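Overview (structure and organization)
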Amino acid sequence: MKPGYTYIMGSPTGTLYIGVTSDLEGRVWKHKNGTYEGFSKKHNCTRLLYYEQHEDIRTSIARETQLKGWRREKKLALIRTTNPE
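This section reports on the structure supplied with the text. (Residues numbered from 1 in each chain as written. Predicted model: local features only at pLDDT ≥ 70, side-chain atom pairs only at ≥ 80, totals over all residues. Heavy atoms only, no water.)

1. Describing the overall build of the protein chain
Looking only at helices and strands, the protein chain has 4 helices and 3 strands in total. Seen in sequence order, the protein chain has helices and strands lined up from the N terminus as β-β-α-α-β-α-α. Relative to its length of 85 residues, the protein chain is compact, with a C-alpha radius of gyration of 12 Å against a globular reference of 12 Å. Seen through its principal axes, the protein chain has C-alpha atoms that stretch 35 × 30 × 20 Å. Taking all 85 residues of the protein chain together, 40% fall into the buried category. (Helix = DSSP H or I, 4+ residues; strand = E, 2+ residues; numbered from the N terminus. Rg over C-alpha atoms; globule rule 2.2 N^0.38 Å. Buried < 20%, exposed > 50% of the residue type's maximum accessible area, 1.4 Å probe, protein only.)

Dropping the structure here:
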């Protein structure tokens, strides 16, 4: 099983996008260059704010689901644990 990442991207206006991938570097590149279609492109989510690495992609998917259920304040507090600015 491949390792996975759960990540949070942000827009200049404060919109948050939570995603999962097995290739974090490649996925962030797609977000930054506007080639990843959907919500994040529409809302200009181009800044990597937070990520976690997991031993397998299934754990990453479960964590993505968990984070998407959190209130915005809790997500921002999580981001600040590793990215205070």
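2. Some details on the nonpolar core
One finds I8, L16, I18, L49, Y50, L67, W70, L78 and I79 forming the largest nonpolar core, which totals 9 residues. With residues near it in sequence (within four places) discarded, Y50 still touches T6, Y7, I8, R63, L78, I79, T81 and T82. Within the second largest apolar cluster, 7 residues are counted, among which are Y5, L24, V28 and C45. (Core = buried A, V, L, I, M, F, W, Y, C linked by side-chain atoms within 4.5 Å. Contact = heavy atoms within 4.5 Å.)

3. Examining the sheet that holds strand β3 (residues 47–54)
Sheet architecture is open: 3 strands sit in the order β2-β1-β3, paired in antiparallel fashion. If you trace the sheet from one side to the other, it starts and ends with β2 (16–21) and β3, each paired once. On average, each strand axis in the sheet is tilted by 20° relative to the strand beside it, whichever way the strands run. Here strand β1 (residues 4–10) pairs with β2 via 6 bridges, running antiparallel. Residue pairing in the sheet places G10 in a bridge with L16 of β2. Each of β1, β2 and β3 touches helix α3 (residues 57–68); the most contacted strand, β2, lies at about 165° to it. Helix-sheet contacts for helix α4 (residues 72–82) involve β1, β2 and β3, and the interaxial angle to β3 is about 80°. (Pairing = 2+ DSSP bridges. Axes fitted to C-alpha atoms, helices over the stretch in contact; angles between N-to-C directions.)

4. A word on the environment of L16
Note that L16 resides in strand β2. Taking relative accessible area as the criterion, L16 reaches 17% and is therefore assigned buried. Separated by 29 residues in sequence, L16 and C45 place their C-alpha atoms 6.9 Å apart. Not counting chain neighbours up to four residues away, the residues in contact with L16 comprise I8, M9, G10, F39, L49, R72, K75, L76 and I79.

5. With respect to the pairing of β2
Most of β2 sits out of view: 6 of its 6 residues are buried. Neither face of β2 is exposed, since L16, I18 and V20 on one face and Y17, G19 and T21 on the opposite face are all buried.

6. A look at the pattern of salt bridges
Summed over the entire model, instances satisfying the criterion amount to 5 salt bridges. Note that K41 and E37 form a salt bridge whose closest N and O atoms lie 3.0 Å from each other. For K41, a relative accessible area of 40% gives the class partly exposed. (Salt bridge = Lys/Arg side-chain N within 4 Å of Asp/Glu carboxyl O.)

On their own, these measurements won't tell you what the molecule is for.
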